[in-house]
Amino acid sequence: MSQSAAVLSRHQKAALMAPALQPLGWQLIELDNFDTDSLGSFAGERPRFMSPYECALRKAALAAELSGLDVGIGSEGSFAAGPYGLGTYNLELICCVHISQGWAVTGRFYGPAQAQQWQIQTLSQLDAALASVPAGQHLLLQQGGYLQKALSTEKCRTLASERLALGELQLSYDLRAHLSPERQQHIALAAQNLAERLQSRCPACATPGFWPDIAIAGLPCESCGAPTPLTAQKQACCARCQHQQYYPVPAQYAQSQYCPECNP
Ligand SMILES: [Zn+2]
Ligand SMILES: [Zn+2]
């Protein structure tokens with residue numbers, strides 16, 4: 001069954017998603033005539049007023065609306081401190097809405113990302129920073145109110161060498177999808193996850209996106225059997241008919257260090 005889907009993106013994301021979605025018979029049509037930066041932009045010129053999930057859902061609904069197609073896809077990436085505040089993590093969400101069938105399914109990738117930032121005062125600091133940038137990763141250069149985006153390392157070297165005469169400057173990764181090879185890989189993985197979720201249908205009503213996203217705490221303590229805060233099972237709940245199914249986790253017991261009775 002062939003299915004046309006509109007992707008709202010100005011950064012060629014449809015090409016990154018196509019390998020995962022084409023085996024399902026989906027033809028992706030990229031809409032690049034909408035300024036997605038009005039929904040909030042990476043370099044922070046415009047504030048974000050929606051969560052990443054709301055943003056992806058809004059883009060998906062807009063894609064369907066602007067194209068007149070039944071299926072719209074929107075994606076949103078965000079970066080934040082990782083678990084325990086360590087490192088930078090990238091969350092990629094790809095939301096797919098089906099207007100006439102009335103469902104939305106969101107694929108995701110979450111994992112560590114290289115997202116460096118440097119304060120540069122000398123040419124040797126500049127050389128050291130640029131030497132660590134992976135091939136194809138573009139950069140932002142900031143100096144007070146001055147901002148240049150989408151710089152290749154070569155362009156960045158030339159421009160930053162000139163600007164250093166005026167004082168300290170700041171370099172960081174330009175994380176927009178078309179300028180960051182690592183993010184492109186993460187988007188492809190999120191699309192893969194979306195494809196898996198689309199093929200996972202509710203056993204009761206066949207709505208796509210039936211997925212064990214809900215973690216239920218209470219894994220019993222290995223010493224005393226009391227419920228701990230660790231995940232005891234996963235639950236899938238259909239967004240349309242509320243049908244529920246439970247899935248076991250690999251662990252049967254929690255170590256007593258997690259037990260509120262043994263180790264309060
Ligand atoms: Zn259902
Ligand atoms: Zn215990």
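Predicted model, so just to flag it, every value in this text is computed and none were measured.

## Let's talk about the overall build of the protein
Helix and strand counts for the protein stand at 5 helices and 12 strands. Projected onto its principal axes, the C-alpha coordinates of the protein cover approximately 65 × 55 × 30 Å. For the protein, the proportion of its 264 residues judged to be buried stands at 41%. Counted over contacts in the protein with a minimum sequence separation of 6, partners at least 24 positions apart contribute 55%. Looking at the protein as shown, the accessible area adds up to about 13,700 Å², and 51% of this sits on carbon and sulfur atoms.

## Brief notes about the coordination of the zinc ion (ligand 1)
For the zinc ion (ligand 1), the protein coordination sphere consists of Cys 202 (SG), Cys 205 (SG), Cys 238 (SG) and Cys 241 (SG), at 2.3 Å. Coordination at the zinc ion (ligand 1) is tetrahedral: its 4 donor atoms span angles of 104 to 115 degrees at the metal. Considered as a linear motif, the donors of the zinc ion (ligand 1) on their single chain read C-x2-C-x32-C-x2-C. Taken together, the residues span a long stretch of sequence, with Cys 205 in the loop between helix H5 (181-199) and strand E10 (214-217) and Cys 238 in the loop between strand E11 (231-237) and strand E12 (244-248) at a distance of 33 residues.

## Quick word on the pairing of strand E9 (residues 169-173)
Counting buried residues in E9 gives 5 out of 5 residues, a clear majority hidden from the surface. Bridge analysis of strand E6 (residues 117-120) against E9 gives 4 bridges, and the strand direction is antiparallel. By the bridge assignment for E9, Trp 118 is matched with Leu 171. With 4 bridges joining them, strand E7 (residues 139-143) and E9 adopt antiparallel strand pairing. For Leu 141, the partnering residue across the bridge sits in E9 and is Leu 171.

## Structural notes on the coordination of the zinc ion (ligand 2)
By definition of the ideal shapes, a tetrahedral metal site with four donors has angles of 109.5 degrees and an octahedral site with six donors has angles of 90 or 180 degrees. Each protein donor to the zinc ion (ligand 2) is listed here as Cys 221 (SG), Cys 224 (SG), Cys 259 (SG) and Cys 262 (SG); together their distances run 2.2 to 2.4 Å. The site at the zinc ion (ligand 2) holds 4 donor atoms, and with the angles between them running 104 to 114 degrees, its shape is tetrahedral. Considered as a linear motif, the donors of the zinc ion (ligand 2) on their single chain read C-x2-C-x34-C-x2-C. Here Cys 221 is found in the loop between E10 and E11, whereas its partner Cys 259 is found in the segment after E12, with 38 residues between them in sequence.

## Things to note about the domain arrangement of the protein
When the parts of a complex come together, some accessible area is lost, and that lost area is often taken as the interface size. Split into domains, the protein comes out as domain 1 (3-114 + 180-199), domain 2 (117-174) and domain 3 (214-258). Relative placement of domain 1 and domain 2: their C-alpha centres are 29 Å apart. Listed by partner, the interface residues are 5 residues for domain 1 and 8 residues for domain 2. Carbon and sulfur atoms make up 50% of the surface buried where domain 1 meets domain 2, a total of about 510 Å² over both sides. On the surface where domain 1 and domain 2 come into contact, there are 0 salt bridges. At the junction of domain 1 and domain 2, the tally comes to 1 residue pair in polar contact (both at pLDDT 80 or more).

## Concerning the UniProt feature "domain: DUF6671" (unreviewed entry) in the protein
Under the present numbering, the feature "domain: DUF6671" (unreviewed entry) in UniProt falls on residues 171-264. Along residues 171-264 one finds 20% helix and 20% strand; the C-alpha atoms at either end are 46 Å apart.

## Structural notes on helix H1 (residues 13-21)
Within the span of H1, buried status applies to Lys 13, Ala 14, Met 17, Ala 18, Ala 20 and Leu 21. Taken down its axis, H1 places every buried residue within 165 degrees of arc, on the same side. H1 presents Ala 15 and Pro 19 as exposed residues on the side facing more than 90 degrees away from its buried surface. Lining the buried residues of H1 we find strand E1 (3-8), strand E2 (26-31), strand E3 (71-81), strand E4 (88-98) and H5.

Cut-offs applied
- Residues numbered from 1 in each chain as written.
- Chains lettered and ligands numbered in written order.
- Predicted model: local features only at pLDDT ≥ 70, side-chain atom pairs only at ≥ 80, totals over all residues.
- Heavy atoms only, no water.
- Helix = DSSP H or I, 4+ residues; strand = E, 2+ residues; numbered from the N terminus.
- Buried < 20%, exposed > 50% of the residue type's maximum accessible area, 1.4 Å probe, protein only.
- Contact = heavy atoms within 4.5 Å.
- Areas by Shrake-Rupley, 256 points an atom, 1.4 Å probe, with all protein chains shown as cover.
- Donors = N, O, S within 2.8 Å, 3.2 Å for Na, K, Ca; no water.
- Tetrahedral: all angles 85-135°; square planar, octahedral: opposite > 155°, others 65-115°.
- Pairing = 2+ DSSP bridges.
- Domains from an automatic or database assignment.
- Buried area = accessible area lost by both parts, 1.4 Å probe.
- Salt bridge = Lys/Arg side-chain N within 4 Å of Asp/Glu carboxyl O.
- Polar contact = N/O pair within 3.5 Å; in protein donor to acceptor, adjacent residues only side chain to side chain.
- UniProt positions renumbered as here; feature names shortened; annotations may be inferred.
- Arc of directions from axis to C-beta.

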